[in-house]
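Fold and contact review
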Amino acid sequence: MDLPKRKPHRLTGYDYATCGAYFITCCTWKRRCLFWKREQDGTLSPWGILVEQTIREIPIRYPSIRLEQYAVMPNHVHLLLLLEEGSPSISTVINQMKGAATKRIGQAVWQKLYHDHIVRNERDYLEIRQYIATNPARWLEDCFYQAEEL
């Protein structure tokens, strides 16, 4: 039985250590809502606090990376990263961040892959910053929204 071919997750032939801005989204396993206490108010859960701490440490661990914007959502995180000369690849940074958060939490919480978008120009950059900044207030309309289990 032939399985369908998967669409590549990364831009073929692109070096993801190239200087520039990148918009990254990492989802929890099965999109479980783990990072907010209650879905309406945006208050981070203990796990959400650990994830936020790990995200804020990215530029400490990698001084050639600037954390431009981020949001910890109930079941995913958004990052806007700016890679400067000498930065590791996006996959190295994201894998390290997810691994460090998993270690702090004490159990696996992430889906294996992540979504990336190479920011192409200033307009794209500004739209992504705005999207990340306003995403928590729009949680109930978010494409990753899942109602809390009762």
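Residues numbered from 1 in each chain as written. Predicted model: local features only at pLDDT ≥ 70, side-chain atom pairs only at ≥ 80, totals over all residues. Heavy atoms only, no water.

Per an unreviewed UniProt entry, the chain goes by the name Transposase and belongs to Candidatus Avoscillospira avicola.

What about the overall build of the chain?
Counted only if it meets this: Only DSSP runs of H or I with at least four residues qualify as helices, and only runs of E with at least two residues qualify as strands; both kinds are numbered from the N terminus onward. Only protein chains enter the accessibility calculation, which uses a 1.4 Å probe. A residue is then buried if its area is under 20% of the maximum for its type, exposed if over 50%, and partly exposed in between. Note on contacts: a residue pair qualifies if any of its non-hydrogen atoms lie within 4.5 Å across the two residues.
A tally of regular secondary structure across the chain gives four helices and four strands. Listed by position from the N terminus, the elements making up the chain come as β-α-α-β-β-α-β-α. Taking all 150 residues of the chain together, 42% fall into the buried category. The contacts in the chain between residues at least 6 apart in sequence include a share of 66% that link residues at least 24 apart.

Side note on the pattern of salt bridges
Should their charged atoms come close, side chains of opposite charge can pair. The condition that has to hold: Within this document, salt bridges are pairs made up of a side-chain nitrogen of Lys or Arg and a carboxyl oxygen of Asp or Glu, the two lying within 4 Å of each other.
Counting across every chain of the model gives four salt bridges. One salt bridge in this structure joins Arg-66 and Glu-68, with 3.0 Å as the shortest N-O distance. The class for Arg-66 is partly exposed, based on a relative accessible area of 40%. Taking relative accessible area as the criterion, Glu-68 reaches 16% and is therefore assigned buried. Across the pair Arg-123 and Glu-127 runs a salt bridge whose closest N-O atoms are separated by 3.2 Å. Linking Arg-123 with Glu-127, this pair stays in helix 4 (residues 122-134), spanning four residues, or about one helical turn.

Some details on the sheet that holds strand 1 (residues 20-27)
Note the cut-off: The pairing criterion for strands is at least two bridges between them, as found by DSSP. Interaxial angles span 0 to 180 degrees and are taken between N-to-C directions of axes, which are lines fitted to C-alpha atoms, for helices over the stretch in contact.
Reading across from one edge, 2-3-1-4 is the order of the four strands in this open sheet, with antiparallel pairing throughout. Edge strands, defined here as strands with exactly one partner in the open sheet, are strand 2 (65-72) and strand 4 (115-118). Averaged over all adjacent pairs, the angle separating strand axes in this sheet is 15 degrees, with direction ignored. Across four bridges, strand 1 lies against strand 4 in antiparallel orientation. Paired with Phe-23 across the two strands is His-117, which belongs to strand 4. Against the sheet, helix 1 (residues 46-56) touches strand 2 and strand 3 (76-83), its axis set at about 165 degrees to strand 2.

Points about unusual backbone geometry
Of note, the phi angle at Lys-30 is positive, near 55 degrees, even though the residue is not glycine. Structurally, the position occupied by Lys-30 is in the loop between strand 1 and helix 1. Non-glycine residue Arg-31 carries a positive phi angle of around 50 degrees. Mapped onto the elements, Arg-31 comes out in the loop between strand 1 and helix 1.

Description of helix 1
Each turn of an α-helix holds 3.6 residues, which means side chains three or four residues apart point in the same direction. Put simply, the rule is: To be clear, the arc concerns the directions from the helix axis to the C-beta atoms.
Looking at helix 1, one finds that the buried residues are Gly-48, Val-51, Thr-54 and Ile-55. Projection of helix 1 onto a plane perpendicular to its axis shows the buried side chains occupying an angular sector of 120 degrees, all on one side. Pointing more than 90 degrees away from the buried face of helix 1 are the exposed residues Pro-46 and Arg-56. Of the surrounding secondary structure, the elements contacted by the buried residues of helix 1 are helix 2 (58-61), strand 2, strand 3 and helix 3 (90-105).

Topic: the state of the cysteines
Cut-off, in case you're wondering: Note that a disulfide, as used here, is simply two cysteine sulfur atoms within 2.5 Å.
Taken as a whole and assessed by the stated rule, the structure comprises zero disulfides. Cysteine Cys-26 remains unbridged, with the sulfur of Cys-27 as its closest cysteine sulfur at 7.7 Å.

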